[in-house]
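Commentary on secondary and tertiary structure
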Amino acid sequence: MAEGDRYGFEAFDCAPALRLEAHERVAKLQFESLNKRLDRIEAMIERLEKRLWLTVYGVVGVILAQAFQSLIEAGL
């Protein structure tokens, strides 16, 4: 007995099965698209985080430079 054969009848595709299959394909495409978008958003967040830390380090550097400058001026 071949795969898909049942009780001597040959397999056939019925409308509900075809609709279900089409729905599954559409859902799969939607999930793939959603995963791609999430990956892009994650990459954008990582770049934004790097920029944020660079800004934080820059601000801390400026504050330390000003403090060091005031210490040098007070020492002279």
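Nothing here was measured: the structure is a model prediction, and the numbers come from that model.

In the structure shown here, the tally under the stated rule is 1 salt bridge. Glu21 is the salt-bridge partner of Arg25, the closest N and O atoms lying 4.0 Å from each other. Linking Arg25 with Glu21, this pair stays in helix α1 (residues 15-75), spanning 4 residues, or about one helical turn.

As a further point, take the packing of aromatic side chains. As enumerated under the stated definition, the model contains 1 aromatic pair in all. An angle of 35° between the planes, with centres 5.9 Å apart, marks the rings of Trp53 and Tyr57 as tilted. Highlighted residues: Trp53 and Tyr57, both in helix α1, separated by 4 residues, approximately one helical turn. Taking the relative accessible area as the measure of exposure, Trp53 reaches 45% and is therefore partly exposed.

The feature "transmembrane region" (unreviewed entry), as annotated in UniProt, sits at residues 52-72 in this numbering. The span residues 52-72 is 100% helical and 0% strand by assignment, and the distance between its end C-alpha atoms comes to 30 Å.

A few words now on a negative patch on the surface. Where like charges cluster on the molecular surface, the negative patch consists of Asp39, Glu42, Glu46 and Glu49. With respect to the secondary-structure elements, Glu49 resides in helix α1. For Glu49, a relative accessible area of 42% corresponds to the partly exposed category.

What counts as what
- Residues numbered from 1 in each chain as written.
- Predicted model: local features only at pLDDT ≥ 70, side-chain atom pairs only at ≥ 80, totals over all residues.
- Heavy atoms only, no water.
- Salt bridge = Lys/Arg side-chain N within 4 Å of Asp/Glu carboxyl O.
- Helix = DSSP H or I, 4+ residues; strand = E, 2+ residues; numbered from the N terminus.
- Phe/Tyr/Trp six-rings, centres within 6.5 Å; stacked < 30°, edge-to-face > 60°.
- Buried < 20%, exposed > 50% of the residue type's maximum accessible area, 1.4 Å probe, protein only.
- UniProt positions renumbered as here; feature names shortened; annotations may be inferred.
- Patch = residues over 30% accessible without salt bridge, like charges linked within 9 Å, V, L, I, M, F, W, Y side chains within 5 Å.
- Areas by Shrake-Rupley, 256 points an atom, 1.4 Å probe, with all protein chains shown as cover.
- Lys, Arg positive; Asp, Glu negative; His and termini not counted.
- Charge placed at Lys NZ, Arg CZ, Asp CG, Glu CD.

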